[in-house]
Amino acid sequence: MTGLSLAGLNGLNGLNGLNALDAVVLEYVTLFPAVLAIAWSVLGLTQVIRHEWRLPMNDAWLPTVAVVVPAHNEELLIAGTIEALLAQDYPAMQLHVVCDGSTDGTARIAADYRDRGVVVHDLEVNGGKSAALQHVLDRVDTDLFLVVDADTWCHPGAIRSIVQQFADPAVGAVTGNARVGNVQNPLTAIQAMEYTVIVGMAKRAEQFWGGLYTVSGAAACLRTEALRAIGGWTGETLSLIH
């Protein structure tokens, strides 16, 4: 801590009755977010320039993908999510919608897409997201397992871009770059900023060091064999994705 900052804080102590601990806490909560934001920005931008802009697109690389949408009472959103996934430009995918004990029209709406290749799993009991994902994991033999939340609409090239990352055999999981689509008021604007910071910058900054601590649950893809090797999803799973 510099003499200048101490003098400034001592002045505050005199004016506001702050003790030494208060001064340290004040400086920490003021400086730490700023330093962290700068570090995330620099490392994230470096990662984009070093890797993402140079990402090759190999049209011959077509591992099979199970795209799984767990949904509980999502009748207002599920149709849009399914339509966005059916519009993907990736041919080697299987789309599964898990109606996790829904009591509204989710299962009925999803069933309307069966003739377009959508597999609908209508579970009577709401077991939660992990149970819904495990239900499908036990029934697929694809190379990759992609989880998409029921309120997430994917860009038409999203799955192809995600899959390209797995051309590197060292990659076990990939997170999507989620964005908030309904920015209509200050609250949704704050949420949009959160996604930009946490996913757009923090995840890229983590990747700069060679990997991610977690992958975003809104759109996360994992190698199926790696997922099974760690036991998949169980009721005791603390955080496989968030």
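Criteria and thresholds
- Every chain begins its residue count from 1, and numbering advances along the sequence as written.
- Totals for whole chains, interfaces and linings use every residue, but because this is a predicted model, local features are given only for residues with pLDDT of at least 70 and side-chain atom pairs only at 80 or more, for both listing and counting.
- Note that the side-chain values use all heavy atoms of the structure and ignore hydrogens as well as water.
- Per the convention used, a helix needs a DSSP run of H or I reaching at least four residues, while a strand needs a run of E reaching at least two, with both numbered from the N terminus.
- When a residue's accessible area, from a 1.4 Å probe over protein chains only, is under 20% of the maximum for its type it is buried; when over 50% it is exposed; and in between it is partly exposed.
- Contacts are assigned to residue pairs with any non-hydrogen atoms lying within 4.5 Å of each other.
- Note on areas: Shrake-Rupley with a 1.4 Å probe; residue coverage comes only from the protein chains shown.
- We define a salt bridge as a side-chain nitrogen of Lys or Arg found within 4 Å of a carboxyl oxygen belonging to Asp or Glu.

Chemist: What is the right way to look at the overall build of the protein in this model?
Modeler: Of the regular secondary structure elements, the protein holds eight helices and six strands. Element order for the protein, N to C, with α for helix and β for strand: α-α-β-α-β-α-β-α-β-α-β-α-β-α. Within the protein, buried positions represent 41% of all 242 residues. Long-range pairs, those at least 24 residues apart, make up 73% of the contacts in the protein between residues at least 6 apart in sequence. Approximately 13600 Å² of the protein is accessible, and the part contributed by carbon and sulfur atoms is 60%.

Chemist: Help me understand the pattern of salt bridges in this model?
Modeler: Proximity of charged atoms lets side chains of opposite charge pair with each other. A complete count under the given rule lists four salt bridges for this structure. Between R116 and E83 there is a salt bridge, with its nearest N and O atoms 3.4 Å apart. Of this pair, R116 sits in the loop between α4 (106-111) and β3 (119-123) while E83 sits in helix α3 (residues 78-86), and the two are 33 residues apart along the sequence. Looking at R116, the relative accessible area reads 46%, which means it is partly exposed. For E83, a relative accessible area of 34% translates into the label partly exposed. A salt bridge links D89 to R160, with the nearest nitrogen and oxygen atoms 3.6 Å apart. One end of the pair, D89, is in the loop between α3 and β2 (93-100); the other, R160, is in helix α6 (residues 158-164), with 71 residues separating them in the sequence. We classify D89 as partly exposed; its relative accessible area is 38%. One continuous salt-bridge network, built from bridges that share partners, spans D59, D89 and R160.

Purely spatial values, then, with no claim about function.
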